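# Observations on the model geometry
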Amino acid sequence: VKEASYTRLCETKNILTVNGQFPGPTLHAHKGDTIIVNVHNRANENITIHWHGVKLPRYPWSDGPQYITQCPIQPGHSFRQKVIFSKEEGTLWWHAHSDWSRATVHGAIVVYPKHGTVYPFPKPDAEVPIIFGEWWKADVNEVLQQMLSTGAAPNVSDAYTINGQPGDFYPCSKPGTFKLNVDRGKTYLLRMINADLNEILFYKIAKHKLTVVGADGSYTKPLKSKYIVISPGQTLDCLLHANKRPNRYYMAARAFSSTPGLEFDNTTTTAILQYNLISDPSSPAIRPSLPYYNDTSSAFKFFGRFRSLNSREHPESVPLNVTRMMTTVSINTFPCTSPTNASCQGPNGTRLAASMNNISFANPDIAILQAYYQRIQGVYGTDFPSYPPLVFNYTAEYIPLELEVPRKGTEVKVLKYNTSIELIMQGTNVVQGIDHPMHLHGYIFYVVGYGFGNFDESTDPLKYNLKDPPLRNTAIVPRNGWIAIRFRAKNPGVWFMHCHFDRHLIWGMDTVFIVKNGECPDE
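Residues numbered from 1 in each chain as written. Predicted model: local features only at pLDDT ≥ 70, side-chain atom pairs only at ≥ 80, totals over all residues. Heavy atoms only, no water.

## A few points about the sheet that holds strand β15 (residues 218-225)
- The strand order across the open sheet built from six strands is β10-β9-β12-β17-β14-β15, with neighbouring strands paired in mixed fashion. In this open sheet, the two edge strands, each paired with only one partner strand, are β10 (159-162) and β15. The average undirected angle you get between the axes of adjacent strands in this sheet is 25 degrees.
- Two elements, strand β9 (residues 126-135) and strand β12 (residues 187-194), share seven bridges in a ladder whose sense is parallel. Looking at β12, one finds that Val-128 is bridged to Leu-190. (Pairing = 2+ DSSP bridges. Helix = DSSP H or I, 4+ residues; strand = E, 2+ residues; numbered from the N terminus. Axes fitted to C-alpha atoms, helices over the stretch in contact; angles between N-to-C directions.)

## Brief notes about the layout of surface pockets
- Estimated volume of the largest pocket: approximately 890 Å³.
- What lines the largest pocket is a set of 30 residues, and nearest its centre among them are Lys-55, Ser-86, Lys-87, Ile-444 and Tyr-446.
- Counting only elements with at least two residues in the lining of the largest pocket, the list comes to β15 and β30 (481-488).
- A total of three residues in the lining of the largest pocket trace back to one element, the largest contributor, which is β30.
- A breakdown of the residues in the lining of the largest pocket according to their chemical character gives 11 nonpolar, seven polar and 12 charged.
- Its volume calculated, the second largest pocket comes out at about 560 Å³.
- Broken down by element, the lining of the second largest pocket gets its largest block of residues, four residues, from helix α4 (residues 502-507). (1 Å grid on protein atoms, 1.4 Å probe; cavity = no way out; pocket = protein on both sides within 12 Å on 5 of 7 lines; lining within 4 Å. Points joined across faces, edges and corners; volume = space filled by probe spheres on them. Nonpolar A, V, L, I, M, F, W, Y, C, P; charged D, E, K, R; others polar.)

## A few points about the state of the cysteines
- Using the criterion set out here, one finds two disulfides in the structure.
- Across the disulfide, Cys-10 is cross-linked to Cys-172 (sulfur-sulfur distance 1.9 Å). Across the disulfide from Cys-10 to Cys-172, rotation about the S-S bond amounts to roughly 95 degrees, and the bridge is consequently right-handed. Residue Cys-10 is found in the loop between β1 (2-8) and β2 (11-17), and its partner Cys-172 is found in the loop between β10 and β11 (179-182); the two are separated by 162 residues along the sequence.
- Paired by a disulfide, Cys-336 and Cys-344 hold their sulfur atoms 2.0 Å apart. (Disulfide = S-S within 2.5 Å.)

## Structural notes on unusual backbone geometry
- Cis geometry is adopted by the peptide bond preceding Pro-23, which originates at Phe-22 and carries an omega value of -10 degrees.
- One can find Pro-23 in the loop between β2 and β3 (27-30).
- Even without being glycine, Tyr-67 reaches a positive phi, approximately 65 degrees.
- With respect to the secondary-structure elements, Tyr-67 resides in the loop between β5 (49-52) and β6 (78-84).
- Take Tyr-67: its relative accessible area is 23%, and that puts it in the partly exposed class.
- The backbone of Asn-348 sits at a positive phi, close to 55 degrees, despite the residue not being glycine.
- Since its relative accessible area comes to 73%, Asn-348 is described here as exposed. (Buried < 20%, exposed > 50% of the residue type's maximum accessible area, 1.4 Å probe, protein only.)

## Details of the UniProt feature "domain: Plastocyanin-like" (unreviewed entry) in the protein
- When the UniProt feature table is mapped onto this chain, "domain: Plastocyanin-like" (unreviewed entry) is found at residues 2-114, 127-276 and 384-518.
- Taken end to end, residues 2-114 comprises 0% helix and 44% strand; its first and last C-alpha atoms sit 33 Å apart.
- In residues 384-518, the share of helix is 4% and the share of strand is 41%. The end C-alpha atoms are 22 Å apart. (UniProt positions renumbered as here; feature names shortened; annotations may be inferred.)

## Topic: the sheet that holds β5
- Strand order in the open sheet made by the four strands is β3-β8-β7-β5, with mixed pairing throughout. Each of the sheet's edge strands pairs with one partner strand only, and the pair in question is β3 and β5. Here the average twist between neighbouring strands, direction ignored, is 20 degrees.
- Two strands pair when backbone bridges link them, and β5 and strand β7 (residues 90-96) are joined in this way by four bridges, in the antiparallel orientation. Pairing of Trp-51 across the sheet is with Trp-94, part of β7.

See below:
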């Protein structure tokens, strides 16, 4: 991990990279492999690396989130991480998990089928990573520090990127625009990763459809679509059939932002799909028509069509007898305690915060995994509630101001080994309703249902998909809505759960599951 100089949007700055590359190098593995990564911190700031979507069975030591499973790797130090692949197959990714370093410290993980097995779809002619990112002209650490010092929302990014490049419609960017050259009649597997810090994206290729065949390191039933939606933290495997008239076609991505009045980066990043042997390689590329930025119907229509493959070679087993838990996910505020308003620029002179079940998570000074394993007292509490401590109309248009202030704390939820959990995540309209991409470390979970409004315990479970629900490691809680996920607590260790909007993670929309050991040696 070291700094390197990069020029984007007419300006040059130093960014944090791995091996000088942005995006960083791709890791390749086969299902069931174990790889060793030696991380050397040659930068001037602390760093950790997380293997997003890799379950690391019984080995949370390499998971990476700072002060959850490890202390950060300090400048000049190294950390040897054992990355254990088990059932994952498809596209995952790695990224920094300290402060906002992951803006530039990230890259793809490609997990091929086990030796001797094949894809559950025709083998593509080529595979191409498509990594979405956000770019600030300012140093991202300065953007983060300004957010922390003012108590307000962070400045939005200046551009989105595809494979590190903003594309034709940003200043000084056209020469570097990513181009994908294809042969007519061939099929390409696009391995898509949303490495944005704070935005869900719509993505489309002009005149072409995509067939989704995998998500978050698990196969899906084929899903054809004219566009895709992908949140920070999510990955998609999409087949592109190059079957159109040879020409130049834009692929484009822009934000999906459903919250009225919420500031966001309303620009569009592009790359070019260029057929080989076209008569005029300089001809203008054809533009796609993307869904409108606040098109909630199109976004969740896409998510609602996902189904796990659930085949003989890739069987699924959805937990049926479950222990139900519920958590609210909310934006909050803390009252101002500063004599000046410089640090209280949130709504009505407050400081913005976020919470799960009305607890705004506070990072400890010692990693929770270390404290748990070594029985160090006073680092965390075990009182994360199984249900919201405050029951109210979560999605009402007007919510009493006294409900805006959460409790600050480092509370975890302890689970017995092999407990089958159903977790309802309920979005609220406290301060401001917004979509939340929620990520659980160490697990992949079934998304058995979702809806808008308040979850109804008597009627909503009747509509669950318990036959072939999609498997995800990151799933979006709709603005003022809910999702229901299920998983078996069969991976002992300390596992972080958080919103993958990094501003919400910093504000405290996090918790930790501690899964206890079972009775057998492999538990």
